[in-house]
Amino acid sequence: MEMNELQEKVELHLSRVWKDDVKVSQIHHLSGGACQDNYSLDLVSRSGKQSLVLRTDKGASLLSSLSKRDEFKVAELVYKAGVKTPTPVFLEETPEVIGSPFFLMEKIGGKATGRYITKDKELDSYRKTQMVTDLAENLAKLHTVKPSSVSDEELKQKLKIVTKENYISIAISDLRQSLDELPEAHPAIELCLLWLESNAPSIDEIVLVHGDFRTGNFMMNAEGLQGILDYEFAHFGDRHEDIAWLCMRDWRFGRLNKEVGGFGDRKDFYDAYQKTSGIPVDPFKVTFWEIMGNVRWAIGSAQQTERHLSGKDKGIELAAIGRRTAEMEWEAMRLIESLQS
């Protein structure tokens, strides 16, 4: 859809729904990755001015991602839990307006790019003093959302009701199914899945998991954390899952010695998380979920490349992601070896 057509459709729809004369004074495309489209909108109406972001799907989303309705509902839960995240503003569940469902959220300042977060001099002071603490505190707040907090039964089912006893076995089974659906064999992933089955730890409590809590999905500037983004992979699970995902080697952007997102140290993050949540972080559980995370990302990257190779969604970004599969396989096996040495 051309930008001027999108602008007209948004103006007409919001004017009708909000019963106001809504005009889009500025619109431009933002980076949204391989699966999402984001647009910056400046709205002017009798009610005043608003700077918002329109978020919608780009072609086909990954099978494991939430619908726009459910992602918006999760953002509302997280916002109400006190997490620093853009204010959810409006949800359009039908595809009739712009061709796919979308939602609007507050536009916040800052940047999310890995190089900026991990290396830019503008963040040097914040990176050294407060970045790790702010992220740990906000993640701990996110994890206060429990299945009992969700009154929307449809959303609760989409987030997958699980128990402490069956969650890991279900997660491994889901990965096996996804692996079996790929057209090629991945023996390294099979080996890792066998290890995960034999070494599954206990879970202290089922909580809302962000599902993609990493460098690239939070906005920062010199003033600090501006907001956590992207809840499309949220689900109920183990709190250690999110901590492990942030610590994965792939999200350090070359700063491998800074194991928390390329900017911090594990002990500092673990301590800050425990101080807010009152729950100690178990290093073995973090490593277990790092191994699981690398297996999940290895399969996910292979899936995205298959979208390109099959002709379903052609794109150089999708094609290039396939090279990450071997990297994640190597890292998962390295972590297993480190536990056995």
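The rules behind these values
- Residues numbered from 1 in each chain as written.
- Predicted model: local features only at pLDDT ≥ 70, side-chain atom pairs only at ≥ 80, totals over all residues.
- Heavy atoms only, no water.
- Axes fitted to C-alpha atoms, helices over the stretch in contact; angles between N-to-C directions.
- Helix = DSSP H or I, 4+ residues; strand = E, 2+ residues; numbered from the N terminus.
- Parallel < 35°, antiparallel > 145°, perpendicular 65-115°, else oblique.
- Left-handed = near helix turned anticlockwise from the far one by under 90°.
- Contact = heavy atoms within 4.5 Å.
- Nonpolar A, V, L, I, M, F, W, Y, C, P; charged D, E, K, R; others polar.
- Domains from an automatic or database assignment.
- Buried area = accessible area lost by both parts, 1.4 Å probe.
- Salt bridge = Lys/Arg side-chain N within 4 Å of Asp/Glu carboxyl O.
- Polar contact = N/O pair within 3.5 Å; in protein donor to acceptor, adjacent residues only side chain to side chain.
- Phe/Tyr/Trp six-rings, centres within 6.5 Å; stacked < 30°, edge-to-face > 60°.
- Buried < 20%, exposed > 50% of the residue type's maximum accessible area, 1.4 Å probe, protein only.
- Lys NZ or Arg CZ within 6 Å of the ring centre and 35° of its normal.
- Pairing = 2+ DSSP bridges.

An unreviewed UniProt entry lists the protein under the name Phosphotransferase family protein, with Leptospira kanakyensis given as the organism.

Asker: Hey, could you go over the packing of helix α8 (residues 187-198) against helix α11 (residues 283-309) for me, with residue numbers and the actual values?
Answerer: The N-to-C vectors of α8 and α11 enclose an angle of 150°; their axes lie 11 Å apart at closest approach. It follows that α8 is roughly antiparallel to α11 by the angle criterion. Here α8 runs over α11; the crossing is left-handed. Residues Ile189, Cys192, Leu193, Trp195 and Leu196 of α8 touch α11, and the partners they reach there are Phe284, Phe288, Ile291, Met292, Val295, Ala298 and Ile299. Here the contact of α8 with α11 is composed, by residue class, of twelve nonpolar, no polar and no charged.

Asker: Explain unusual backbone geometry residue by residue, including any values.
Answerer: One non-glycine residue with positive phi stands out, namely Lys19, at about 55°. Here Lys19 shows up in the loop between α1 (3-18) and β1 (23-30). The phi dihedral of Asp230 falls on the positive side, at around 65°, and the residue is not glycine. Among the structural elements, Asp230 can be located in the loop between β8 (224-228) and β9 (235-238).

Asker: Please provide a residue-by-residue account of the domain arrangement of the protein, values included.
Answerer: Bring the parts together and some accessible area is lost; that lost area is often taken as the interface size. For the protein, the domain assignment lists domain 1 (3-11 + 21-106) and domain 2 (114-340). For domain 1 versus domain 2, the separation of C-alpha centres amounts to 24 Å. The interface of domain 1 with domain 2 comprises 24 residues on the first partner and 29 residues on the second. For the pair domain 1 and domain 2, the two sides together bury roughly 2,400 Å², of which 60% comes from carbon and sulfur. In this assembly, domain 1 and domain 2 are joined by five salt bridges. Between Lys158 and Asp70 there is a salt bridge, and its shortest N-O distance comes to 3.4 Å. Linking domain 1 to domain 2 there are twelve residue pairs in polar contact (both at pLDDT 80 or more).

Asker: Go over the packing of aromatic side chains, please, and point to the residues and values.
Answerer: The geometry of an aromatic ring pair is captured by two quantities: the separation of the ring centres and the angle between the planes. Per the stated rule, a full pass over the model turns up ten aromatic pairs. Ring centres of Phe218 and Phe263 lie 6.3 Å apart, and the angle between their planes is 85°; this geometry places the pair in the edge-to-face category. On the criterion of sequence distance, the pair formed by Phe218 in strand β7 (residues 218-221) and Phe263 in the loop between α9 (239-247) and α10 (266-277) is long-range, its members being 45 residues apart. Considered together, Phe218 and Phe263 belong to a single accessibility category, that of buried residues. In this structure an aromatic cluster arises from ring pairing among Tyr167, Trp195, Phe288 and Trp289. One Lys or Arg, Arg214, reaches over the ring of Trp251 and ends 4.3 Å from the middle of that ring.

Asker: How would you summarise the sheet that holds β1 if you had to cite specific residues and measurements?
Answerer: With respect to topology, five strands assemble into an open sheet ordered β1-β2-β3-β5-β4, the strand pairing being antiparallel. Looking at the sheet topology across the chains shown, the edges are occupied by β1 and β4 (88-92). Across the sheet, the mean angle separating the axes of adjacent strands is 25° when strand polarity is ignored. Both strand β3 (residues 48-57) and strand β5 (residues 102-106) contribute to a ladder of five bridges, which runs antiparallel. Bridge pairing links Leu52 to Glu106 in β5. Most of the contacts of α1 go to β1, to which it runs at about 130°, and overall it touches β1, β2 (36-45), β3, β4 and β5. Packed on one face of the sheet, helix α2 (residues 68-80) meets β2, β3, β4 and β5 and runs near 160° to β4.

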